[in-house]
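Analysis of the macromolecular model
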Amino acid sequence: MRGMERRTLIWAVAILLLIGLVGWAWRHREAVPFVTQPLVAAATPFEYGTARVAQEVLAGATILRGAVTGYAELHQLRAENDALRGALTAHREMIAENERLRGLLQFEATYPQYQVLAARVITRDDGGWTQSAVIDRGQAEGLTKYMAVMLPQGVVGFVSDVYPHSARIQFILDPRTAVGGIVQRPQSRVAALVSGNGNDVAHPEMIDIVKEGDIVVGDAVVTSGYGGLYPKGLLIGTVKEIVPDPSGVVKRAVLTPAVDFTKLEEVLVILNASTAAVPLEQMPNLVPDAPQEGVKG
């Protein structure tokens with residue numbers, strides 16, 4: 001038992017002496033290079049590996065920290081960008097609405113004899129044989145059937161049905177609609193009815209024009225004022241094409257409407273149009289058995 005304790009003590013002293021010797025040699029490595037150089041050579045790979053691992057760990061931690069920070073900044077920037085995009089969209093919409101409303105006000109200033117009410121289009125029906133829309137004004141706001149509907153650019157149609165707080169307007173593009181029109185050119189003054197075309201809803205037609213009628217491509221067609229529905233002199237459209245009838249007795253004029261119905265958002269309802277229109281009984285007989293202005297039977 002004592003022999004084992006003696007050997008343990010010897011080994012402990014030897015290890016301590018070796019550690020001390022290595023420490024002294026390391027501190028005096030320049031003085032005893034024959035001892036320290038092998039130690040340095042042996043320790044270099046270990047030191048290099050340890051340093052490399054430490055650098056990689058530090059670089060990874062830096063990258064991870066940057067990624068976390070960058071993600072937070074990116075998330076914040078995206079939120080700010082979405083907010084700015086929404087504000088920009090709202091601003092552009094406000095500008096567009098202001099331009100449209102400015103046009104409506106300009107119409108009121110140009111035609112002070114008309115009492116008008118602005119309304120917003122809330123739904124549309126663009127079927128081949130039905131061209132109409134619903135607006136957000138109705139009986140409560142003073143609307144009645146057959147009131148003329150306008151834009152500063154020209155004629156839109158008329159009120160066909162009225163509800164407590166909404167109304168349906170029937171466009172001049174509707175094949176069931178007939179509007180008294182007259183060529184604005186002083187040398188012409190050809191008058192006829194303008195009707196929607198079910199085969200080409202984008203282009204109403206001035207129908208049943210006498211064969212010798214003085215009408216050419218480019219002529220402006222305005223409301224004639226006959227019929228009691230639309231006041232006189234409001235632009236309907238311009239002549240796009242003259243088409244002879246197979247009978248050879250009459251012809252028709254295809255019109256490009258003054259109003260862009262694809263961009264219809266607000267309209268003006270003329271509340272007192274009947275006071276500015278020519279009574280129906282004074283309407284001349286444009287062609288034999290011509291349908292009257294308004295809804296064709």
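Worth saying up front: this structure is predicted, and the values here are computed from it rather than measured.

Thresholds applied
Residues numbered from 1 in each chain as written. Predicted model: local features only at pLDDT ≥ 70, side-chain atom pairs only at ≥ 80, totals over all residues. Heavy atoms only, no water. Phe/Tyr/Trp six-rings, centres within 6.5 Å; stacked < 30°, edge-to-face > 60°. Helix = DSSP H or I, 4+ residues; strand = E, 2+ residues; numbered from the N terminus. Buried < 20%, exposed > 50% of the residue type's maximum accessible area, 1.4 Å probe, protein only. Polar contact = N/O pair within 3.5 Å; in protein donor to acceptor, adjacent residues only side chain to side chain. Salt bridge = Lys/Arg side-chain N within 4 Å of Asp/Glu carboxyl O. pLDDT = per-residue confidence, 0-100. Contact = heavy atoms within 4.5 Å.

**Details of the packing of aromatic side chains**
On inspection of all chains with the given rule, the structure shows 2 aromatic pairs. Ring geometry for Tyr146 versus Phe158: centroids 6.0 Å apart, planes at 20°, classification stacked. Remark: Phe158 occurs in strand β4 (residues 154-162) and Tyr146 occurs in the loop between β2 (130-135) and β3 (148-151); sequence separation between them is 12 residues. On the basis of relative accessibility, which here comes to 45%, the residue Tyr146 falls in the partly exposed class. Of the residues examined, Phe158 reaches a relative accessible area of 0% and is grouped as buried.

**Describing the environment of Thr177**
Tracing the backbone through its elements, the reader meets Thr177 in strand β6 (residues 177-183). In sequence terms Thr177 and Gln131 are 46 residues apart; their C-alpha atoms lie 9.5 Å from each other. Polar contacts involving the side chain of Thr177 include one to the side chain of Gln170, which spans 2.8 Å. Only 3.0 Å separates the side chain of Thr177 from the backbone oxygen of Phe171, close enough to count as a polar contact.

**Thoughts on the pattern of salt bridges**
Should the charged atoms of two oppositely charged side chains come close, the side chains can pair. Here the structure, examined in full by the defined rule, presents 6 salt bridges. The partner of Asp174 in a salt bridge is Arg176, with the nearest N and O atoms 2.9 Å apart. Judged by its relative accessible area of 0%, Asp174 is buried. Look at Arg176 and you get partly exposed, because its relative accessible area is 36%. Here Arg185 ties to Asp219 by a salt bridge, and the two come within 2.8 Å at their closest N and O atoms. Of this pair, Arg185 sits in the loop between β6 and β7 (191-195) while Asp219 sits in the loop between β8 (205-210) and β9 (220-223), placing them 34 residues apart in sequence. Linked by salt bridges that have partners in common, Arg185, Asp214 and Asp219 make up one network.

**Brief notes about the confidence of the model for the protein**
Of the residues in the protein, 68% have a pLDDT of 70 or more, and the chain-wide mean is 78. When the criterion is pLDDT under 50, residues 275-292 qualifies, and its contacts beyond four places in sequence or with other chains add up to 29 contacts.

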